[in-house]
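Per-entry structural report
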Amino acid sequence: MHGAEHILEVFYLILAAQVMAYLFKRLGQPVVIGEVLAGVLVGPALLGWVHEGEVLEFLAELGAIFLLFMVGLETRLKDILAVGKEAFLVAVLGVALPFLGGYLYGLELGFQTLPALFLGTALVATSVGITARVLQELGVLSRPYARIILGAAVIDDILGLIVLAVVNGVAKTGSVEVGAVLQLVLLSAVFVGVAVALSPVLARLPLERLPVGSPVGFALALGMGMAALAASIGLAPIVGAFLGGMLLSEVREKYRLEEPIFAIEGFLAPLFFAMVGVRLELSALVQPATLVAGSVVTVIAMLGKLLGGFLGALTQGFRQAVVVGTGMAPRGEVGLIVAALGLAAGAVNEEEYAIVLFMVVFTTLLAPLALRPLILWAEREKR
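Structural notes, computed from the coordinates. (Residues numbered from 1 in each chain as written. Predicted model: local features only at pLDDT ≥ 70, side-chain atom pairs only at ≥ 80, totals over all residues. Heavy atoms only, no water.)

What to know about the overall build of the protein
Summing up its helical and strand segments, the protein has 16 helices and zero strands in all. For 383 residues, the compact-globule formula gives about 21 Å, and the C-alpha radius of gyration of the protein, at 20 Å, lands near that figure. Along the three orthogonal principal directions, the C-alpha set of the protein runs to about 65 × 45 × 45 Å. In the protein, which comprises 383 residues, the share counted as buried stands at 54%. Across the protein, the fraction of contacts at a sequence separation of at least 24, relative to all contacts at a separation of at least 6, is 79%. Looking at the protein as shown, the accessible area adds up to about 16,100 Å², and 68% of this sits on carbon and sulfur atoms. Averaged over its 22 positive side-chain charges, the protein has a centre that lies 14 Å from the centre of its 28 negative ones. (Helix = DSSP H or I, 4+ residues; strand = E, 2+ residues; numbered from the N terminus. Rg over C-alpha atoms; globule rule 2.2 N^0.38 Å. Buried < 20%, exposed > 50% of the residue type's maximum accessible area, 1.4 Å probe, protein only. Contact = heavy atoms within 4.5 Å. Areas by Shrake-Rupley, 256 points an atom, 1.4 Å probe, with all protein chains shown as cover. Lys, Arg positive; Asp, Glu negative; His and termini not counted. Charge placed at Lys NZ, Arg CZ, Asp CG, Glu CD.)

Laid out in structure tokens, this is it:
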């Protein structure tokens, strides 16, 4: 495809995302839902103006990276550590409960053990970009419940990848690759540990004296570098970007980092959410068997995260705990990746893939719709 056609597709995505975001904002609904539906509108499911491709996939990934980098800039490490116990508990329960529920229901449907394991795995990881966009939109990133969600999402990603590594290893070799799992755990622990250790160093580093064009240029390089490093060890790049943003959170005001980075994020993040919509294969969702099984799996997915988040964050109060559980519910592109891996490995068939797709669509759309009023409900308690 020629460059002009890529530019035209980006134009369609940006225009549709902006118009739908405006409409949903006027309706008092999360703009992220409008952006996802914009992708459905211009994508293969409806108008067919935009299709998946390497260039758009890369731009979408940059959008997710800059969104989480911006969220990290607004999140101080000490605030995350202050809710570390709750975040860890939310992550562990939010992985264990959906996985167990998905696996058992898969067996109940008549799935073989391996497809049932993939179904459970698809329910594990949270798509934190969806929730982060709602938290950012409502200006509540500094709240303890928001910090619990963000901290839990980092741990959740690591745990989710461990589960995926185990299940994928079983699919490929018939056994658990213990060495690969231990390597992933060790590298993840070192990566997060080094980021935590570097935080006070960067807080005192005179960025204006470094041999770089500007402090903003250094910040961009650090964010992308952390994202690339995370990807190289098997973590999601957004985890590295989030940690990179946190490393600079103490100096963001001194060097006025937020405004220029927010401008980049404001362009790229809607592309990410719109591409989530472009990827959705709506035709696969209309089969009666898919509607029934997908609805049950969606309930299991929502309740698993809601219960795990609620129990883990109950120390923050009833309303805040409900917000945390709901904020952990969207699966977004994470569930699609797991299902696609299972399909590619021959571990799941088209029908089983469609069930996961149904769950992804509805957790992605329903969670932000529920999250906004719940956050407003929790904020009223503070007044």
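Observations regarding empty space enclosed by the protein
According to the stated counting rule, one finds two cavities of 30 Å³ or more in the structure shown. Space inside the largest cavity adds up to approximately 60 Å³. What lines the largest cavity is simply Phe111, Pro115, Phe118, Leu119, Ala122, Val338, Ala339, Val348, Glu352, Tyr353 and Val356. Counting only elements with at least two residues in the lining of the largest cavity, the list comes to helix 6 (113-122), helix 15 (332-344) and helix 16 (350-382). It is helix 6 that contributes the most residues to the lining of the largest cavity, four residues altogether. (1 Å grid on protein atoms, 1.4 Å probe; cavity = no way out; pocket = protein on both sides within 12 Å on 5 of 7 lines; lining within 4 Å. Points joined across faces, edges and corners; volume = space filled by probe spheres on them.)

Here's the deal with the layout of surface pockets
By volume, the second largest pocket is sized at about 330 Å³. Taken together, 13 residues make up the lining of the second largest pocket; nearest its centre are Ala21, Lys25, Val31, Glu35 and Arg133. Broken down by secondary-structure element, the contributors of at least two residues to the lining of the second largest pocket are helix 1 (3-26), helix 2 (31-42), helix 7 (128-137) and helix 12 (258-279).

Section: the environment of valine 361
When you line up the elements, valine 361 lands in helix 16. Remark: the alpha-carbon pair of valine 361 and valine 124, spanning 237 residues in sequence, is separated by 15 Å. Once residues lying within four places of it in the same chain are set aside, the contact partners of valine 361 are Leu280 and Leu285.

Some thoughts on the side chain of threonine 364
Mapped onto the elements of the fold, threonine 364 is located in helix 16. In this structure the side chain of threonine 364 is engaged in a polar contact, spanning 2.6 Å, whose partner is the backbone oxygen of valine 360. (Polar contact = N/O pair within 3.5 Å; in protein donor to acceptor, adjacent residues only side chain to side chain.)

Examining the pattern of salt bridges
As enumerated under the stated definition, the model contains eight salt bridges in all. Taking the shortest distance from any N to any O, the salt bridge between arginine 143 and glutamate 379 comes out at 2.8 Å. Highlighted residues: arginine 143 in the loop between helix 7 and helix 8 (144-173) and glutamate 379 in helix 16, separated in sequence by 236 residues. One salt-bridge network, held together by shared partners, links Arg252, Glu253 and Glu258. (Salt bridge = Lys/Arg side-chain N within 4 Å of Asp/Glu carboxyl O.)

Considering the environment of glutamine 18
By the element assignment, glutamine 18 lies in helix 1. Residues glutamine 18 and valine 276, spaced 258 residues apart in sequence, show a C-alpha to C-alpha distance of 15 Å.

A word on the packing of aromatic side chains
Taken as a whole and judged by the stated rule, the model has seven aromatic pairs. Taking 4.9 Å as the distance between ring centres and 35° as the angle between the ring planes, the aromatic pair formed by tyrosine 12 and tryptophan 49 counts as tilted. With tyrosine 12 in helix 1 and tryptophan 49 in the loop between helix 2 and helix 3 (54-73), the pair connects residues that are 37 residues apart, well separated along the chain. Note on tyrosine 12: relative accessible area 22%, which makes it partly exposed. Assessed through its relative accessible area of 43%, tryptophan 49 is described here as partly exposed. Arranged with centres 5.4 Å apart and planes meeting at 80°, the rings of phenylalanine 310 and phenylalanine 318 form a pair that is edge-to-face. (Phe/Tyr/Trp six-rings, centres within 6.5 Å; stacked < 30°, edge-to-face > 60°.)

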